[in-house]
Amino acid sequence: MKPLKHWQDAVNAVLGVWLVLAPWALGCAAETAAMANMVVVGAALLAAALGAIFLPRAWEEWTEGLLGLWLVASPWLLGFERTIAARNCAVITGVVVLALALWTIAVDKDYSAWLRKEKPAQ
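Being a predicted model, the structure only gives us computed values, none of them experimental.

Student: An account of the packing of aromatic side chains is needed here, citing residue identities and associated values.
Tutor: Inspection of every chain in the model, using the stated rule, returns one aromatic pair. Ring centres of W7 and W103 lie 5.0 Å apart, and the angle between their planes is 85°; this geometry places the pair in the edge-to-face category. Taken as a pair, W7 in helix α1 (residues 7-25) and W103 in helix α4 (residues 84-107) lie far apart in primary sequence, 96 residues in all.

Student: Before we move on, can you summarise the environment of A90 with the specific residues and values?
Tutor: Here A90 lies in helix α4. It is 9.5 Å that separates the C-alpha atoms of A90 and A22, two residues lying 68 residues apart in sequence. In this structure, A90 is in contact with M38, L71, V72, S74, P75 and F80, ignoring residues within four places of it in sequence.

Student: Which residues make up helix α3 (residues 58-78), and what values do they have?
Tutor: Taking 1.5 Å per residue, 21 residues should reach 30 Å; α3 reaches 29 Å between its end C-alpha atoms and fits that length. At V72, α3 shows its maximal kink, close to 45°; a proline, P75, follows between one and four residues later. Where α3 is concerned, the buried positions are E60, E61, E64, G65, L67, G68, L71, S74 and P75. Where α3 is buried, its residues meet α1, α2 (32-54) and α4. Positioned one or two residues after α3, G79 has a phi angle of 80°, which is positive.

Student: Kindly report on the state of the cysteines, identifying the contributing residues and their values.
Tutor: In total, this model carries zero disulfides according to the counting rule given. The structure places no disulfide on C28, whose sulfur is separated from the nearest cysteine sulfur, that of C89, by 7.0 Å. We classify C89 as buried; its relative accessible area is 7%.

Student: Break down the packing of α1 against α2 for me, with residues and values.
Tutor: Contact geometry for α1 and α2: axes closest at 7 Å, N-to-C directions at 160°. Taken together, the axes of α1 and α2 lie roughly antiparallel to each other. Of the two possible hands of crossing, α1 and α2 adopt the one that is left-handed. On the side of α1, the interface is formed by D9, A10, N12, A13, L15, G16, V17, L19, V20, A22, P23 and W24, while α2 contributes M35, M38, V39, V41, G42, A43, L45, L46, A49, A52 and I53. Along the lines of polarity and charge, the residues of the contact of α1 with α2 split into 19 nonpolar, three polar and one charged.

Student: So what about the packing of α1 against α4? Which residues, and what values?
Tutor: It is the contact of α1 with α4, at a shortest axis distance of 10 Å, that shows an interaxial angle of 160°. What the angle tells us is that α1 and α4 run roughly antiparallel. For the pair α1 and α4, the crossing hand works out as left-handed. Of the residues in α4, those touching α1 at W7, Q8, V11, N12, L15, W18, L19 and A22 are C89, T93, V96, V97, L100, A101, W103 and T104. Partitioning the contact of α1 with α4 into residue classes produces 12 nonpolar, four polar and no charged.

Quick notes on the rules
- Residues numbered from 1 in each chain as written.
- Predicted model: local features only at pLDDT ≥ 70, side-chain atom pairs only at ≥ 80, totals over all residues.
- Heavy atoms only, no water.
- Phe/Tyr/Trp six-rings, centres within 6.5 Å; stacked < 30°, edge-to-face > 60°.
- Helix = DSSP H or I, 4+ residues; strand = E, 2+ residues; numbered from the N terminus.
- Contact = heavy atoms within 4.5 Å.
- Expected span 1.5 Å × (residues − 1).
- Bend = angle between axes of the 7 residues up to and from the residue.
- Buried < 20%, exposed > 50% of the residue type's maximum accessible area, 1.4 Å probe, protein only.
- Disulfide = S-S within 2.5 Å.
- Axes fitted to C-alpha atoms, helices over the stretch in contact; angles between N-to-C directions.
- Parallel < 35°, antiparallel > 145°, perpendicular 65-115°, else oblique.
- Left-handed = near helix turned anticlockwise from the far one by under 90°.
- Nonpolar A, V, L, I, M, F, W, Y, C, P; charged D, E, K, R; others polar.

Put into structure tokens, the structure is as follows:
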């Protein structure tokens, strides 16, 4: 078995599982928009993280980052901002997912090579 390239992906996989279970754990499964959002985004995050673990590619990190951004904005875009447990779960988990994805992109020399490239001479 190949060694884990980025520990952040394993954490994002666990956060994906957490999101799938969170509506019931937090008692907000009756809030349909929040429940559906967390289950769908949690499953997508788990899939992206597992993909990044088994076949690491930069696009999986970018996908995780976009899912994190969506989680942060989703309470207001989907209208469950008044359900405090669901809102806080989405926002806090989203910030952590986004931070881990950006961290991975920043520290992996293969993923961030385009940041270090010099501009061609004119």
